[in-house]
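Notes for the structure review
Next come the chains, spelled out residue by residue.
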Amino acid sequence: MEFVFLGVLLLVPVVYLVLTVGQLQGGSFAVVGAADQAAKVYADATTPQEADARAREAARIALADFGFGPEQAVVDIACSGECLTPGTTVTVVVRLEVPLPLVPAIAGTHPSAATVDATSTQIVERFG
């Protein structure tokens with residue numbers, strides 16, 4: 001009986017730790033992919049409005065692939081000069097609040113394990 005009790009008592013925290021680490025790793029992969037893809041599609045667009053919409057959609061899709069919603073992430077886009085001018089750089093920063101696994105949001109609170117972020121920079125092609 002003691003073996004079963006101690007086994008469960010020790011196993012539950014270890015399983016929860018593994019779930020939390022997996023959630024953090026998934027969040028890390030999600031922000032790296034989202035920032036990279038958003039910067040690439042932004043630098044390839046023809047107008048700044050189209051570029052912004054395409055970059056945010058690319059980031060949303062990359063985050064959704066890992067099970068994260070767009071409300072959990074913040075996407076910041078900055079240009080080194082006038083956006084989409086040949087030779088300038090576009091920098092995309094994606095920040096994500098990684099929620100604790102199996103913990104529901106209660107009354108507007110969002111318990112998170114950590115905040116992960118990634119930055120990606122692309123150069124707008126000089127010769128189109």
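The following refers to the structure shown. (Residues numbered from 1 in each chain as written. Predicted model: local features only at pLDDT ≥ 70, side-chain atom pairs only at ≥ 80, totals over all residues. Heavy atoms only, no water.)

**Quick notes on the nonpolar core**
If you look at the biggest cluster of nonpolar residues, it comprises 26 residues, and the most contacted ones within it are L63, V92, V94 and L96. Counting only elements with at least two residues in this core, the list comes to α1 (2-44), α2 (48-65), β1 (73-79), β2 (89-99) and β3 (112-123). Top contributing element to this core by residue count: α1, with eight residues. For L96, the contacting residues outside a window of four places in its chain are G27, V31, L63, F68, Q72, A73, A114, T115 and V116. (Core = buried A, V, L, I, M, F, W, Y, C linked by side-chain atoms within 4.5 Å. Buried < 20%, exposed > 50% of the residue type's maximum accessible area, 1.4 Å probe, protein only. Helix = DSSP H or I, 4+ residues; strand = E, 2+ residues; numbered from the N terminus. Contact = heavy atoms within 4.5 Å.)

**So, a nonpolar patch on the surface**
The grouping of F3, V4, V8 and V12 at the surface amounts to a nonpolar patch, some 440 Å² of accessible area in total. Within the fold, F3 resides in helix α1. For F3, a relative accessible area of 72% puts it in the exposed group. (Patch = residues over 30% accessible without salt bridge, like charges linked within 9 Å, V, L, I, M, F, W, Y side chains within 5 Å. Areas by Shrake-Rupley, 256 points an atom, 1.4 Å probe, with all protein chains shown as cover. Salt bridge = Lys/Arg side-chain N within 4 Å of Asp/Glu carboxyl O.)

**Quick word on the packing of aromatic side chains**
For any pair of aromatic rings, the description rests on two quantities: the centre-to-centre distance and the angle between the ring planes. Enumeration over the complete set of coordinates arrives at one aromatic pair. Taking 6.5 Å as the distance between ring centres and 45° as the angle between the ring planes, the aromatic pair formed by F29 and F66 counts as tilted. Of the two residues, F29 is situated in helix α1 and F66 in the loop between α2 and β1; the sequence distance between them amounts to 37 residues. What makes F29 partly exposed here is its relative accessible area of 48%. (Phe/Tyr/Trp six-rings, centres within 6.5 Å; stacked < 30°, edge-to-face > 60°.)

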